[in-house]
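Overview (structure and organization)
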Amino acid sequence: QKPKEKKANTAQIDTKGITVKKADDLSAWYQQMIAKGEFISYYDISGCYILEPSSMHIWETIKSFFTSKIETLGVEPCYYPVFISKANLEKEKAHIDGFAAEVAWVTLGGKSKLEEPIAVRPTSETAMYKDFSDKIQSHRDLPLKRNQWNNVVRWEFKNPMPFLRTREFLWQEGHTAHLTEKEASIEVLQILDYYTAVYEELLACPVVKGRKTKNEQFPGAEYTTTIEGFITSTGRGIQAATSHCLGQHFANMYNIKVEDPAPRKEGEVAEKLPVWQNSWGLTTRSIGVMMLTHGDDKGAVIPPRVARIQAIVIPVGITAKTTPEDKEKLLDEVYNIVATLKRAGIRVDKDARDYYGAGWKFANWELKGVPLRIELGPKDLASGVVMTARRDTNDKAAIPIADLASGVPKLLETIQSDMLARAQKEYDEHRIVVKKWEEIVPVINKKNVVLIPHCEDGDCADAVKDETAKQGETDGQAEDEKAPSMGAKALCIPFDQAYGDLPELCLRPSCGKKATKWIQFGRSY
Ligand code: AMP
């Protein structure tokens, strides 16, 4: 039996589509795309947004993909409270120095003032590690590997941007403790590979793997590894996810120590070893990177692997002249096609609403970013085919109805890999090797990031940012109008260093130290 069609509340639907072009005003375009495409609804607290089902589907997909990966490493799920006591939060000095400006505090319980304010977690190192010190009593308790999917609050003062920079965001945070540095450092990179897979295999967004410079690393970390994404429209880099080796700093502060298991002579007292710790996080920012990368003037373009609806079947060509029998036949076949595709594992829906014309429906599903449209008209039915239209390229092709169960999954996979290949090409074309200091600003003004020979010193990297910001202010040639005075920040020291022979000296003229690595610099989010 056919399910009853639900009448849409037409009053609530904005039929206009997106009124700004991506190339003309990225920020206005982005806000319209995510709101009109029903990914986000706005909320009355700045920096906080409502995540709609299409967004949550993407997040849930990331969640199950990443969970299946970390399970193979023996990471276990857990949940720690959202509140952190002041004493615990302030234990690791470098950590709290880095986060102090963004911590939200609870000071009242109802009407009464709390004796001591309580922090809302900006990240959970300080919430978890007191407990780690209770749980880890011996080397036999190692490794301890935990992960939680939760929300955190960072009271950011930079301009909020849905998904990319929000005051509350969803993420996973992994926290592990190991006996040896080696074990910890292997895991840091395994996680970075999984993050890369989330971006490249699910979201079709290329990233560059590398390490952060000293001054850009996580507060309290020994070192931070990162995957750096790129937003072509603005030519800015974005920190896509980070995996930190915390070294033994937190273990010393929170007294997470075990007796050295190495054999010892009789009577000799075993040394107490602080454990080696890692923490790693990936947030809902990833959804924003994907939306910015693939969206176009018609709206969102969602990669098939994360799309809540992968294919939409739309009956077309029904006119006043179509007989009720022919219409019935056509609609029956639409239902059959949906059933066939569901059996083939496709997330598919139909749009048989007869109070909207086909053109309006096409535009509406394009706005929502559904990867594939499948049209069936009376003539198609007569010849036993459907017409498909790809959201990413608008390419149209006929597929025999008899081949849908194999043809559609194949086409969706082609869309997925084409989307990554296109984005990869754009990123590659916008990573420019620069060997002359005075070329940095003109090159980043053309919406690129640069690879320059550098000494790796954190302060020198900061100086590059300050000095290029000053040049940018006077240059006036920036194509990204929103970034006139933004300097080139150290984004990452790529692991892959195949950019040709490294020049002798650090590119910053007043540095004078030897160049040790090619470092990726650029404007960033
Ligand atoms: P962190 O714990 O500081 O290393 O942050 C982990 C990841 O969170 C970073 O690599 C960013 O990709 C992401 N991130 C940082 N701040 C925000 C924010 N305000 N909103 C969304 N994602 C964020």
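Residues numbered from 1 in each chain as written. Predicted model: local features only at pLDDT ≥ 70, side-chain atom pairs only at ≥ 80, totals over all residues. Heavy atoms only, no water.

1. Some points on the sheet that holds strand β11 (residues 236-247)
With mixed pairing, 11 strands are arranged side by side in an open sheet as β3-β7-β8-β14-β11-β10-β9-β22-β23-β21-β20. Looking at which strands have only one partner, the edges of the open sheet turn out to be β3 (76-77) and β20 (431-433). Packed onto the sheet, helix α2 (residues 53-71) meets β7 (144-153), β8 (168-178) and β14 (276-283) and runs at close to 165° relative to β7. (Pairing = 2+ DSSP bridges. Helix = DSSP H or I, 4+ residues; strand = E, 2+ residues; numbered from the N terminus. Contact = heavy atoms within 4.5 Å. Axes fitted to C-alpha atoms, helices over the stretch in contact; angles between N-to-C directions.)

2. Let's talk about the pattern of salt bridges
Under the defined criterion, the tally for this structure stands at 26 salt bridges. Note that E156 is salt-bridged to R165, the shortest N-O span being 3.6 Å. We note that E156, like R165, is buried. One salt bridge connects D392 with R390, and the closest N-O pair in it is separated by 2.7 Å. Comparing D392 with R390, the two get one shared label, buried. Members of the salt-bridge network, linked through shared partners, are K298, E366, R373 and E375. (Salt bridge = Lys/Arg side-chain N within 4 Å of Asp/Glu carboxyl O. Buried < 20%, exposed > 50% of the residue type's maximum accessible area, 1.4 Å probe, protein only.)

3. Looking at the sheet that holds strand β17 (residues 372-376)
Strand order in this open sheet of 5 strands is β16-β15-β17-β18-β19, and the pairing throughout is mixed. Each edge of the open sheet carries a strand with a single partner, namely β16 (348-350) and β19 (396-400). Mean inter-strand twist for the sheet, computed between neighbouring axes without regard to direction, equals 25°. Where strand β15 (residues 311-315) lies against β16, 3 bridges are found, and the strand directions are parallel. Note that in β16 the partner of I312 across the bridge is D349. Against the sheet, helix α10 (residues 358-367) makes contact with β15 and β17, and its axis sits at roughly 175° relative to β15, the strand it touches most.

4. Things to note about the site of the ligand
Looking at the ligand, there are 17 residues lining it, with E156, Q239, T242, H244 and T283 nearest. One of the side-chain N or O atoms of H244 is found 2.9 Å from an oxygen atom in the ligand. With the chains in place, 92% of the 490 Å² that the ligand exposes on its own is no longer accessible. At the level of secondary structure, the elements contributing two or more residues to the shell around the ligand comprise β8, β11 and β14. The element contributing the most residues to the shell around the ligand is β11, with 5 residues. A class-by-class count of the residues in the shell around the ligand yields 7 nonpolar, 6 polar and 4 charged. (Near = heavy atom within 4 Å. Polar contact = N/O pair within 3.5 Å; in protein donor to acceptor, adjacent residues only side chain to side chain. Areas by Shrake-Rupley, 256 points an atom, 1.4 Å probe, with all protein chains shown as cover. Nonpolar A, V, L, I, M, F, W, Y, C, P; charged D, E, K, R; others polar.)

5. Considerations on the confidence of the model for the protein chain
A residue-level look at the protein chain finds 95% of positions with pLDDT of 70 or above and a mean pLDDT of 94. Contacts of residues 1-13 to residues separated by more than four positions or lying in other chains number 16 contacts, the stretch itself having pLDDT below 50. Under the prediction, the complex receives an ipTM of 0.98, its pTM being 0.94. (pLDDT = per-residue confidence, 0-100.)

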